[in-house]
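Take a look at the letters that make up each chain.
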Amino acid sequence: GIQGICIDERLLKPLCVGVDPLEHEIRCQEKEQIKTLNTQFACFIDKVRFLEQQNKVLETKWGLLQQYVLPKKGKNLELYFENYICDLRKRLDCLLCEKQKLSSEECATSQLVEEFKCKYEEEINRRTTVENEFVALKKDADCIFLNKEELEVKVDLLRRQLELLKCVFEEERAQVDRQLCDTSVIVKMDNNRDLDMESIIKNVECWYQEIAQKSKEEVDAFYQTRFQELQDKRGKYCDDLQSNKCEISELTRMIQKLQCELENVKKQ
């Protein structure tokens, strides 16, 4: 006959397809361990590369050392190391001599730089002094020019006074002529008392004119000479100032050059 079918009711229930938390935690731990192992592996690779570089450096040093003395088989390396030490001492002595030489050159260069600095400061002070003297001379020239104008004004005033004096003498002459006309008989009788007023006035006028002309010529000559001296001094000061500027520029370039050389020596 037909047998009955037995059904397991557990199989009819839906399957739970969710992720097991324990398995998820295990997988995360595995990922972290893989990362750690990768990091350690990278460190080991870096160490291997560094050791390879050190090995190459040592091989190069060993090759250089073998160029000096090749030790024979069966003997120690004392002679080889002694030769190498002697060579190093010779190099050290050469470097010490070069250092001493550079130190002496540095001292000489520093002294030369200080001398050039002192000369530069002296030239700057000299230039300032010359400029101040030039300003003072310019003020003196301006004062002399103003004094010259004042003297010209005084000369004109003296000329006017001479003209006024001439007018006064002419008036006095006219009065004397009128008096002579009134006392014509007395004048005819005594010729020794006749006064030549015209010649006197002319003499006085000529005398004042000579004095004024002489004073003007002396003043003009004095101020012309003084002005020429100031012009000569101004030209001389300008030439000295230009030469000082050129010398200062040359000293500046020299100082810059020496400073560059000093910096190079210090770097060496």
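The rules behind the values
Residues numbered from 1 in each chain as written. Predicted model: local features only at pLDDT ≥ 70, side-chain atom pairs only at ≥ 80, totals over all residues. Heavy atoms only, no water. Helix = DSSP H or I, 4+ residues; strand = E, 2+ residues; numbered from the N terminus. Contact = heavy atoms within 4.5 Å. Areas by Shrake-Rupley, 256 points an atom, 1.4 Å probe, with all protein chains shown as cover. Buried < 20%, exposed > 50% of the residue type's maximum accessible area, 1.4 Å probe, protein only. Polar contact = N/O pair within 3.5 Å; in protein donor to acceptor, adjacent residues only side chain to side chain. pLDDT = per-residue confidence, 0-100.

A.B. asks: Looking at this model, I keep getting lost on the overall build of the chain. Mind explaining?
C.D. replies: When helices and strands are tallied, the chain shows 5 helices and 0 strands. Reading the chain from its N terminus to its C terminus gives the helix and strand order α-α-α-α-α. Once local pairs closer than 6 in sequence are excluded, the contacts in the chain between residues at least 24 apart make up 81%. Put simply, the chain shows about 23,400 Å² of open surface, and 56% of that area lies on carbon and sulfur atoms.

A.B. asks: For this particular structure, what's the right way to read the environment of R159?
C.D. replies: Of note, R159 is situated in helix α3 (residues 78-182). It is 7.8 Å that separates the C-alpha atoms of R159 and A212, two residues lying 53 residues apart in sequence.

A.B. asks: I would appreciate a short explanation of the environment of S243 in the present structure.
C.D. replies: Locating S243 in the fold gives a position in helix α5 (residues 197-267). According to the relative accessible area criterion, S243 is partly exposed, its value standing at 38%. Only 2.7 Å separates the side chain of S243 from the backbone oxygen of D240, close enough to count as a polar contact.

A.B. asks: Can you help me understand the confidence of the model for the chain in this one?
C.D. replies: Low-pLDDT portions of the prediction should not be read for the details of their coordinates. Looking at the chain, the pLDDT average stands at 78 and 82% of residues meet or exceed 70. The weakest mean pLDDT in the chain belongs to helix α4 (residues 184-189) at 45; the strongest belongs to helix α2 (residues 21-66) at 87. Below a pLDDT of 50 lies the segment residues 183-193, which in the model reaches 1 contact outside its immediate sequence neighbourhood of four places, other chains included.

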